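# A structural walkthrough
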Amino acid sequence: GCNAGYTTRAQQLDIQCGSMPELIHVFSAGNNGTSDCGYGAGAGWGNVTGGHKHSKNSIAVANLDYLENVNGSSSRGPAHDGRLKPEVSAVGTNVLSTSNPDTYVYKTGTSMSCPGVAGTFAQLYHAYKTLNSNNNPPSALMKAIVMNTADDIGNPGPDFVHGYGRINGLKAVQTIEQTRYLNGSVSNSGVNTHNIIVPPGVRKMKVMTYWHDYQAAVGAGVALVNNINTTLTDPLSVVSNPLILNYTPIASNLATPAAPGVDIRNNHEQVTINYPVAGTHVLT
């Protein structure tokens, strides 16, 4: 079925990610792109298949062709409570794959785009281990890097069709090699700040805050437990909010491009600035 059992299956995965912080689950978004699975916006929205794919700490993958067009069968978000799903996209159309018995055939579906993303994660884990004394990375960090370095396609910013965009393994590994990331913790009702130095000539700046979130209560209407809000203040004291989507169950709203605002649904928030001012930007 479309979203059968999402409350318990998604929670089970969120518990597992909490107890195994190096583990990342990568799922196909599903091939119900034209179905009506009861989100409320009619056919073509809210049809990510299987409850486990709705979990906060995993990744669901959309299906693209080689020209970066989304396949019509690729399942769309939002998740049951309005969260962004899928998170990223990859080629899954006309992919040469093995088949029984002992042959190769061309296959199409999110079951083709998903293993491509899983394989990219494996390479990124290897790169991190090579640079960090053979230690595995936190999966929260790796998920953040993959989402934030994806090539934006479709509507500007994240959207319920492509997620943050097409996975870009080169940009992701460069982020790891150049240590362009920060780790930290924040107490309840606390505030953290981090300084980010931006050199002259930058055309686009993307900063993401991500955290693996604790599992919600069974049957909770909103899955988010810890709501961490992000802003970015530039050297001229201009404050930017993250990009958020309208998750109201109306088709035209779900198709509207993301706009800056306060996110109350997701455990990831991305601030995007075109041609940022050089100098010290403060992430709060």
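It should be emphasised that the depicted structure is a prediction, and the values quoted were computed from it without experimental measurement.

What follows concerns the nonpolar core. Across soluble globular proteins, nonpolar side chains show a tendency to be buried alongside one another. Counting residues in each nonpolar core, the largest one holds 39 residues, and the members touching the most others are Val26, Val61, Val88, Val117, Phe121 and Leu124. For this core, the secondary structure elements donating two or more residues are strand 2 (59-64), strand 3 (88-91), helix 2 (110-131), helix 3 (139-148), helix 4 (169-177) and strand 7 (204-210). Ignoring any residue separated from it by four or fewer positions in sequence, one finds valine 88 in contact with Ile59, Ala60, Val61, Ala62, Val117, Val146, Met147, His162, Gly163 and Gly165. One finds Val198, Leu232, Val271 and Leu283 within the second-largest nonpolar core, a separate group that totals 7 residues.

In this section: the pattern of salt bridges. Side-chain pairs of opposite charge can arise whenever the charged atoms involved come near each other. Taken as a whole, this structure holds 7 salt bridges when the rule is applied. Note that glutamate 68 and arginine 166 form a salt bridge whose closest N and O atoms lie 2.5 Å from each other. Taken together, the residues glutamate 68 in the loop between strand 2 and strand 3 and arginine 166 in the loop between helix 3 and helix 4 connect sequence positions 98 residues apart. Through salt bridges with shared partners, a single network forms among Glu68, Asp151, Arg166 and Lys171.

What follows is about the sheet that holds strand 3. What the 3 strands build is an open sheet, ordered 1-2-3; its pairing is parallel. For this open sheet the edge positions go to strand 1 (26-28) and strand 3, each flanked by a neighbour on one side alone. Mean inter-strand twist for the sheet, computed between neighbouring axes without regard to direction, equals 45°. Sheet topology note: the strand 2/strand 3 ladder contains 4 bridges and is parallel. Looking at the pairing, alanine 62 lines up with serine 89 of strand 3. Contacts between helix 2 and the sheet are confined to strand 1, strand 2 and strand 3, with strand 2 contributing the most and set at about 125° to the helix.

Of all the 7 residues making up strand 7, 5 are buried; the element is thus mostly covered by neighbouring parts of the structure. Summarising the sheet, strand 7 and strand 12 (residues 268-274) pair through 7 bridges and their orientation is antiparallel. Its bridge partner being in strand 12, lysine 204 is matched across the sheet by asparagine 274.

Another aspect to go through is the sheet that holds strand 6 (residues 194-198). Ordered by their spatial adjacency, 4 strands build an open sheet running 6-13-8-9, and the pairing between neighbours is antiparallel. Two strands lie at the open edges of the sheet, namely strand 6 and strand 9 (239-240), each paired on one side alone. Two strands pair when backbone bridges link them, and strand 8 (residues 232-233) and strand 13 (residues 279-283) are joined in this way by 2 bridges, in the antiparallel orientation. Residue threonine 233 lies in a different strand from strand 13, and its bridge partner there is valine 282.

Look at helix 2: 32 Å from first C-alpha to last across 22 residues, which is about the 32 Å you get at 1.5 Å a residue. Burial in helix 2 covers these residues: Thr110, Met112, Ser113, Cys114, Val117, Thr120, Phe121, Leu124, Tyr125, Ala127 and Tyr128.

Where helix 2 meets helix 4, the closest approach of the two axes is 10 Å, and the angle between their N-to-C directions is 20°. Considering their axes alone, helix 2 and helix 4 lie roughly parallel with respect to each other. Our pair here, helix 2 against helix 4, has a crossing hand that is right-handed. Across the interface between the two elements, Thr120, Leu124, Ala127, Tyr128 and Leu131 of helix 2 pack against Gly169, Ala172, Val173, Ile176 and Glu177 of helix 4. By residue class, the composition of the contact of helix 2 with helix 4 is 7 nonpolar, 2 polar and 1 charged.

Criteria and thresholds
Residues numbered from 1 in each chain as written. Predicted model: local features only at pLDDT ≥ 70, side-chain atom pairs only at ≥ 80, totals over all residues. Heavy atoms only, no water. Core = buried A, V, L, I, M, F, W, Y, C linked by side-chain atoms within 4.5 Å. Buried < 20%, exposed > 50% of the residue type's maximum accessible area, 1.4 Å probe, protein only. Helix = DSSP H or I, 4+ residues; strand = E, 2+ residues; numbered from the N terminus. Contact = heavy atoms within 4.5 Å. Salt bridge = Lys/Arg side-chain N within 4 Å of Asp/Glu carboxyl O. Pairing = 2+ DSSP bridges. Axes fitted to C-alpha atoms, helices over the stretch in contact; angles between N-to-C directions. Expected span 1.5 Å × (residues − 1). Parallel < 35°, antiparallel > 145°, perpendicular 65-115°, else oblique. Left-handed = near helix turned anticlockwise from the far one by under 90°. Nonpolar A, V, L, I, M, F, W, Y, C, P; charged D, E, K, R; others polar.

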